[in-house]
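# Residue-level structure breakdown
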Amino acid sequence: EAGVAQSPRYKIIEKRQSVAFWCNPISGHATLYWYQQILGQGPKLLIQFQNNGVVDDSQLPKDRFSAERLKGVDSTLKIQPAKLEDSAVYLCASRPKLRVAGKVHEQFFGPGTRLTVL
Amino acid sequence: GNSVTQMEGPVTLSEEAFLTINCTYTATGYPSLFWYVQYPGEGLQLLLKATKADDKGSNKGFEATYRKETTSFHLEKGSVQVSDSAVYFCALIRANAGGTSYGKLTFGQGTILTVHP
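So, here's what we can say about the structure. (Residues numbered from 1 in each chain as written. Chains lettered and ligands numbered in written order. Predicted model: local features only at pLDDT ≥ 70, side-chain atom pairs only at ≥ 80, totals over all residues. Heavy atoms only, no water.)

### A closer look at the side chain of B:S72
Residue and element names in this part refer to chain B. As a reminder, the rule being used: Under the scheme used here, helices are H or I runs from DSSP no shorter than 4 residues and strands are E runs no shorter than 2 residues, and both carry numbers assigned from the N terminus. For this analysis, a polar contact is any N or O atom pair within 3.5 Å, provided that within protein one partner can donate a hydrogen and the other can accept it, and provided that sequence-adjacent residues contribute only side-chain to side-chain pairs. A contact between two residues is defined here by any heavy atoms of the two lying within 4.5 Å.
Secondary-structure assignment places S72 in the loop between β8 (62-65) and β9 (75-77). A distance of 2.8 Å separates a polar atom in the side chain of S72 from a polar atom in the side chain of T70. Once residues lying within four places of it in the same chain are set aside, the contact partners of S72 are C23, T24, Y25, L33, T65, Y66 and R67.

Structure (C-alpha cells):
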C-alpha cells in the first residue's frame, strides 16, 4: 500500500513570496491533517479535514495560510505572503474514516516538505 | 489544554546501553498516548501506543507504560543499536471513556538520540 505522498520535498523562497505544498493521502483515508514542525519543536496541527470539509483550523494563521481539499482526496496548503518564521517542515498525515468504538486510529505521516524562507 | 513534555536532549549513548526518554503529559479525560520515531530523511512513524492506564506498549524492543498516577509515558529500551539513532516524539490524542480517539495529536518537542558503535 502506498504511503502519504508530499511534494515538493524542499523549497527555498524569499520572504513575501508565495508557496504551495501538495499532499496525496493513503487511498481511502477520509481524514487529512496538515502539521507545521519548526526546528527543535514537535509538530503542531494547522488544519484537519474530514473528506472535503474543515474540522479544525483554529491554529491556522488565516491571514496568510490557506488550505483546500477539493473532492476529498488531494490537498494543497498555501502560504501567501511567506514570513521568515514560516521556515519549517510541513507534514501531511491521514487516517481512515471510520471511527470504531474503542479503537485508536493511527495517523500515517508523509515525508514532509522542508520550507526555508530567506 | 493538552500538553506533552519530553526530557531535554540530545541523548548520546554507546551501542547496547540502556535507554530512557522521559515523557509527561497534561490532559483532561482519557487520552491515548504514543511514541513516534523520525529517522533521518523520513516521515514520522508510529513506534508504540497505549490507550488506557497501566497499558504497556511495545515494539522493536522499545517499551512504555501508561502511568496515570504520575501522568507519564517514559520510553525504554534495554540495549540500543546504532540503527535506533533518530528523533523520538511523545504524543497524545483525546479519547472518550470508551477509548475512541478523535481530533489532533499533541506532540512533545522531540528528543534526538544518537547511538555510537
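### Some thoughts on the environment of A:W22
Residue and element names in this part refer to chain A. Take W22: it is sitting in strand β3 (residues 19-24). Here the alpha-carbon distance between W22 and P43, two residues 21 residues apart in the chain, equals 18 Å. Those residues in contact with W22, other than ones at most four positions away along the chain, are A5, Q6, S7, W34, D74, S75 and T76. Side-chain polar atoms of W22 contact the side chain of D74, separated by 3.1 Å.

### Re the pattern of salt bridges
Selection criterion: By salt bridge we mean one thing: a side-chain nitrogen of Lys or Arg within 4 Å of a carboxyl oxygen of Asp or Glu.
In this structure the tally under the stated criterion is five salt bridges over all chains. In this structure, the salt-bridge partner of A:D57 is A:K62, at a minimum N-O distance of 3.8 Å. Of the charged contacts in the structure, one is a salt bridge between B:D55 and B:K52, with a shortest N-O distance of 3.4 Å.

### Some points on the nonpolar core
Nonpolar side chains in soluble globular proteins generally cluster together in the buried interior. To be explicit about the condition: By nonpolar core is meant a set of buried Ala, Val, Leu, Ile, Met, Phe, Trp, Tyr and Cys residues that side-chain atoms within 4.5 Å join together. For each residue, the accessible area found with a 1.4 Å probe, counting protein chains only, is set against the maximum for its type, and the residue is called buried under 20%, exposed over 50%, and partly exposed in between.
Counting 26 residues, the largest nonpolar core has B:L19, B:W35, B:L47, B:L48, B:F73, B:L75 and B:Y88 as its most contacted members. When residues of this core are traced back to their parent elements, those giving at least two are β2 (11-14), β3 (19-21), β4 (23-26), β5 (32-38), β6 (44-50), β8, β10 (86-95) and β12 (111-116) of chain B. Take this core: its biggest share by element is four residues, from β10(B). Beyond its immediate sequence surroundings of up to four residues, B:L19 is in contact with B:V11, B:L13, B:F62, B:L75, B:E76, B:K77, B:V80 and B:L113. A:I26, A:F49, A:F65 and A:V117 belong to the second largest nonpolar core, which has 21 residues in total.

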